[in-house]
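The lines below spell out each chain.
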Amino acid sequence: MGKVIIIANWKMNPLSLTEAKRIFTDTKKTAQTLRNVQSVVCPPFIYVNELKSLVSGRRCLIGAQDVFFERNGAYTGEISAAMLAKAGIKYVIVGHSEKRTFGETDEVVNKKTLAALKEGLHVVLCVGERERDEHALYFDFIRRELEHALKGVPKNLTHKLLIAYEPIWAIGREAKSADTPAGTFETTLFIRKILAERYDKKMAMNMPILYGGSVNKKNAREFLVHGGVQGLLVGRASLTPAHFAEILKEADRP
Ligand code: PEP
């Protein structure tokens, strides 16, 4: 069994570098002590380098929230996978629903996934339905998202891929609630089925799947034990170090 992977997505927070350093330093203090957890903190780009210089050891790394698919050139405002790799970044989130809401298409998610994997980055590929309808059409939605994102991705690049299942209705302040571990378990089976069809059974069974959406210290353990996932993608709760530390400790428990 590999380590449990806990990714902190800070989104567009906090407002200052001083605050970012404080949150990261506090988080690192706990994360460094945990043997069974790989923590990755994904701050806004403007803090990545400074926080990277505070990393010691491998248990608590800095990741990125996004990446562009071209290598370099006239792409104002963008940051490439090659730049991230050269800066020593190892993990990147791709296809987050908040990026998709602002126009990121399946085609762009696919290009970003491919570019980042080719550069040797771990890609945390986010998929998840907007609504959980009673006719289970949301499975078709997840299938489409996954198939688009993985178009042209060869099997030999998938060892650095992680899938984050993030039902949109469960994410953020407006969320109705988190998913249930049982609901997530069902979806992980479905995701593995798609991966097995596309690649093979062994690859599908070994693929790390994370759950994200209103994870907190009370439900983290339940998702890890009963949700069929190997990790968590944590938004809001990752900005409060004491709270996030509890999640990390829950994840470390055997
Ligand atoms: C997220 O945006 O990836 C997320 C999981 O957010 P939250 O934990 O705040 O619901």
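Residues numbered from 1 in each chain as written. Predicted model: local features only at pLDDT ≥ 70, side-chain atom pairs only at ≥ 80, totals over all residues. Heavy atoms only, no water.

## Considering the overall build of the protein
Here is step 1 of the chain: Regarding its fold elements, the protein presents ten helices and eight strands.
Here is step 2 of the chain: Here the protein has a C-alpha radius of gyration of 17 Å; the compact-globule value for 254 residues is 18 Å, and the two agree.
Here is step 3 of the chain: Per-residue burial over the protein gives 54% buried out of 254 residues.
Here is step 4 of the chain: Across the protein, every contact between residues at least 6 apart in sequence was considered, and the portion connecting residues at least 24 apart equals 71%.
Here is step 5 of the chain: Total accessible area computed for the protein in this model is approximately 12,400 Å², and 54% of it derives from carbon and sulfur atoms.
Here is step 6 of the chain: Once the 38 positive and 28 negative side-chain charges of the protein are each reduced to a mean point, those two points are 8 Å apart. (Helix = DSSP H or I, 4+ residues; strand = E, 2+ residues; numbered from the N terminus. Rg over C-alpha atoms; globule rule 2.2 N^0.38 Å. Buried < 20%, exposed > 50% of the residue type's maximum accessible area, 1.4 Å probe, protein only. Contact = heavy atoms within 4.5 Å. Areas by Shrake-Rupley, 256 points an atom, 1.4 Å probe, with all protein chains shown as cover. Lys, Arg positive; Asp, Glu negative; His and termini not counted. Charge placed at Lys NZ, Arg CZ, Asp CG, Glu CD.)

## A closer look at empty space enclosed by the protein
Here is step 1 of the chain: Counted by the stated rule, this structure contains one cavity of 30 Å³ or more.
Here is step 2 of the chain: As a volume, the largest cavity reaches approximately 40 Å³.
Here is step 3 of the chain: Lining the largest cavity are Gly95, His96, Ser97, Arg100, Cys126, Val127, Gly128, Glu145, Glu166 and Ile168.
Here is step 4 of the chain: Considered class by class, the residues forming the lining of the largest cavity number three nonpolar, four polar and three charged. (1 Å grid on protein atoms, 1.4 Å probe; cavity = no way out; pocket = protein on both sides within 12 Å on 5 of 7 lines; lining within 4 Å. Points joined across faces, edges and corners; volume = space filled by probe spheres on them. Nonpolar A, V, L, I, M, F, W, Y, C, P; charged D, E, K, R; others polar.)

## Regarding the packing of helix α1 (residues 17-31) against helix α2 (residues 45-52)
Here is step 1 of the chain: Running from N to C, α1 and α2 point in directions that differ by 50°, and their axes come no closer than 10 Å. Here α1 lies oblique to α2, going by the angle between them. α1 and α2 meet at a crossing whose hand is right-handed. Every residue of α2 that contacts α1 at Leu17, Ala20, Lys21 and Phe24 is listed here: Tyr47, Glu50 and Leu51.
Here is step 2 of the chain: Partitioned by chemical class, the residues of the contact of α1 with α2 number five nonpolar, no polar and two charged. (Axes fitted to C-alpha atoms, helices over the stretch in contact; angles between N-to-C directions. Parallel < 35°, antiparallel > 145°, perpendicular 65-115°, else oblique. Left-handed = near helix turned anticlockwise from the far one by under 90°.)

## Things to note about the side chain of Glu166
Here is step 1 of the chain: Looking at the secondary structure, you find Glu166 in the loop between β6 (161-165) and α7 (181-198).
Here is step 2 of the chain: Although Glu166 lies buried, it forms no salt bridge, and the closest oppositely charged side chain, Lys11, sits 6.8 Å away as judged by the N-O distance.
Here is step 3 of the chain: Among the polar contacts listed, one links the side chain of Glu166 to the side chain of His96, at a separation of 3.3 Å.
Here is step 4 of the chain: Discounting chain neighbours no more than four positions away, the residues touching Glu166 are His96, Cys126, Val127, Gly128, Ile171, Gly212, Gly213 and Leu233. (Salt bridge = Lys/Arg side-chain N within 4 Å of Asp/Glu carboxyl O. Polar contact = N/O pair within 3.5 Å; in protein donor to acceptor, adjacent residues only side chain to side chain.)

## Remarks on the site of the ligand
Here is step 1 of the chain: Taken together, 15 residues sit near the ligand, with Lys11, Glu166, Gly172, Ser214 and Arg236 positioned nearest.
Here is step 2 of the chain: Within the backbone of Gly172, a nitrogen or oxygen atom sits 2.8 Å from an oxygen atom of the ligand.
Here is step 3 of the chain: Separating an oxygen atom of the ligand from a backbone N or O atom of Gly235 is a distance of 2.9 Å.
Here is step 4 of the chain: In isolation the ligand offers 300 Å² of accessible surface; the protein chains occlude 100% of this area. (Near = heavy atom within 4 Å.)

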